[in-house]
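Tertiary structure, described
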Amino acid sequence: MTRPRTGLAGSAALYESLHRRPHHPVARQLARHNRGSRSVPVLPASLFCALLVFAAAAHSYTALSAGFVFSLPLWLMLLHACPCLIWITRIVTLLARQSRAGTLDELTIIPAGRAFLFAIACQVVLSEGDAAWWLRLLRRWLARLAGLLMLMGLFIALAGLEQVYWRDLCWLLLDGLLLTLAILHEGQQSALLACALGIVFGMRPPGALDRASAACAVFALLQALSYAIAIAGSVLPGAPRLWLVCGLFLLLRELAIGLMWREVMRDA
């Protein structure tokens, strides 16, 4: 396995490599140690939390009305929060356990080095039960459904208009495109942030704070900041648009992923 790529162009490729089931012999050893932290099945827990998120979003829609569309990135993050928190906890636990046992230092003598072991650890955790694959498939169908609903609504609205304003039509199409991209890529971005934080805190020396809890807290903070800054940036021009919110949201998270993985792999 090659060294994971980072940065704007490499985040999609990085996720493609991390969510696949590893076949290296080292992965079998890490998988055996990972079995002790599998108390919560990722996929059933994620689907249950997704039902709660959908119910809460439907309730919020009745209160927010048209303003609900600007909260869509927030609901997308909540949709993927459950598996990401479980993955963070398992990566931190796996790496910390290997580090305490001295196994990690022994494995780093292989030519691929520590960066390879970090990637294998993330693969072992993310591919457990094919949860990442199923969740990605759910995202794809959700993106298709959202795009279909927006197109249907657009066609119905156009059928009732006597005059079409092409500028407004272009804005609506751009809104739909960026929203679809946000649905598709938010889950990947959250998973990459979870992996990076799991590695960072898993390799930290033990202290007064629980490393898994601290990593989950930082993850929640980064998620909230990315959404808040995207909303603030879209309001500055005076007329906030959904495409601008989604665009800033995705861009900020891409930058955060690039910086975090560069930091993770710097000393690996």
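What counts and what doesn't
Counting of residues starts from 1 at the beginning of each chain's written sequence and follows it residue by residue. Local features in a predicted model are, by the rule used here, given only for residues with pLDDT of at least 70; side-chain atom pairs are given and counted only at 80 or more, and totals for whole chains, interfaces and linings are based on all residues. Note: side-chain values were computed over all heavy atoms of the structure, leaving out hydrogens and water. A run of DSSP states H or I qualifies as a helix once it reaches four residues; a run of E qualifies as a strand once it reaches two. Both are numbered from the N-terminal end. Any helix carries an expected span of 1.5 Å times its number of residues minus one. Only protein chains enter the area calculation, which uses a 1.4 Å probe; residues under 20% of their type maximum are buried, those over 50% are exposed, and those in between are partly exposed. Note on definitions: the grid is 1 Å and covers protein atoms alone; a cavity is a set of points where a 1.4 Å probe fits but cannot get out; a pocket is an open set with protein on both sides within 12 Å along at least five of seven lines; lining residues have an atom within 4 Å of a point. Grid points are joined across faces, edges and corners, and a volume is the space filled by probe spheres set on the points. Polarity classes work like this: nonpolar for Ala, Val, Leu, Ile, Met, Phe, Trp, Tyr, Cys and Pro, charged for Asp, Glu, Lys and Arg, and polar for all others, with Gly in that last group. Comment: axis = line fitted to C-alpha atoms, over the contacting stretch for helices; angle = value between 0 and 180 degrees taken between N-to-C directions. To sort the angles, those under 35 degrees are grouped as roughly parallel, those over 145 as roughly antiparallel, those from 65 to 115 as roughly perpendicular, and the leftovers as oblique. Here a crossing is called left-handed whenever its near helix is offset anticlockwise from the far helix by less than a right angle, and right-handed whenever the offset is clockwise. Two residues form a contact once any of their heavy atoms are found within 4.5 Å. Note on aromatic contacts: the rings of Phe and Tyr and the six-membered ring of Trp form a pair at centre separations within 6.5 Å, being stacked when their planes are under 30 degrees apart, edge-to-face when over 60 apart, and tilted otherwise. Consider the ring centre and the ring normal. A charge sits over the ring if Lys NZ or Arg CZ is within 6 Å of that centre and within 35 degrees of that normal. The salt bridge criterion pairs a side-chain nitrogen of Lys or Arg with a carboxyl oxygen of Asp or Glu, the two atoms within 4 Å.

1. Observations regarding helix H10 (residues 211–235)
For H10, which comprises 25 residues, the first-to-last C-alpha distance of 36 Å matches the rise-based estimate of 36 Å (1.5 Å per residue) to within 8%. Buried within H10 we find Arg211, Ala212, Ala214, Ala215, Cys216, Phe219, Gln223, Ser226, Tyr227, Ala230 and Ser234.

2. Topic: the layout of surface pockets
Reported here for the largest pocket is a volume of approximately 700 Å³. Around the largest pocket, the lining is made up of 23 residues, and of these Phe68, Leu72, Ala146, Leu179 and Ile183 lie nearest the centre. Broken down by secondary-structure element, the contributors of at least two residues to the lining of the largest pocket are helix H3 (42–64), helix H4 (72–79), helix H8 (131–159) and helix H9 (166–202). Here the residues of the lining of the largest pocket sort into 21 nonpolar, one polar and one charged.

3. Quick notes on the packing of H4 against H10
Here H4 crosses H10 at 165°, and the two axes come no closer than 10 Å. Considering their axes alone, H4 and H10 lie roughly antiparallel with respect to each other. For H4 against H10, the interelement crossing comes out right-handed. Across from Pro73, Leu74 and Met77 in H4, the residues of H10 making contact are Gln223, Ser226 and Tyr227.

4. So, the packing of H10 against helix H11 (residues 242–266)
Two elements in contact, H10 and H11, have axes whose closest approach is 8 Å; the angle formed by their N-to-C orientations is 140°. On the basis of the axis angle, H10 is oblique to H11. Here H10 and H11 pass one another in a crossing that is right-handed. Where H10 abuts H11, its residues Leu222, Gln223, Ser226, Tyr227, Ile229, Ala230, Ile231, Gly233 and Ser234 lie against Leu244, Val245, Leu248, Phe249, Leu252, Arg253 and Met260. Of the residues assigned to the contact of H10 with H11, the class counts are 11 nonpolar, four polar and one charged.

5. Description of the packing of aromatic side chains
Taken as a whole and judged by the stated rule, the model has one aromatic pair. For the pair tryptophan 133 and tryptophan 134, a centre-to-centre distance of 4.8 Å together with 85° between the ring planes defines the contact as edge-to-face. A relative accessible area of 44% places tryptophan 133 in the partly exposed class. The residue whose ring lies beneath arginine 144 is tryptophan 141, and the NZ or CZ to ring-centre distance is 4.9 Å.

6. Describing the pattern of salt bridges
The final tally for this structure, using the stated rule, is five salt bridges. Arginine 21 is the partner of aspartate 130 in a salt bridge, and the nearest nitrogen-oxygen pair spans 3.0 Å. Of this pair, aspartate 130 sits in the loop between helix H7 (113–126) and H8 while arginine 21 is found in the loop between helix H1 (11–18) and helix H2 (25–34), placing the two residues 109 residues apart along the sequence. Classification of aspartate 130 by relative accessible area gives partly exposed; the value is 36%. Of the charged contacts in the structure, one is a salt bridge between glutamate 186 and arginine 253, with a shortest N-O distance of 3.1 Å. In this pair, glutamate 186 is assigned in helix H9 and arginine 253 in helix H11, connecting sequence segments 67 residues apart. By relative accessible area, which is 0% here, glutamate 186 ends up buried. When its relative accessible area of 1% is taken as the criterion, arginine 253 is described as buried. Each of Arg139, Glu186 and Arg253 takes part in a single network of salt bridges with overlapping partners.

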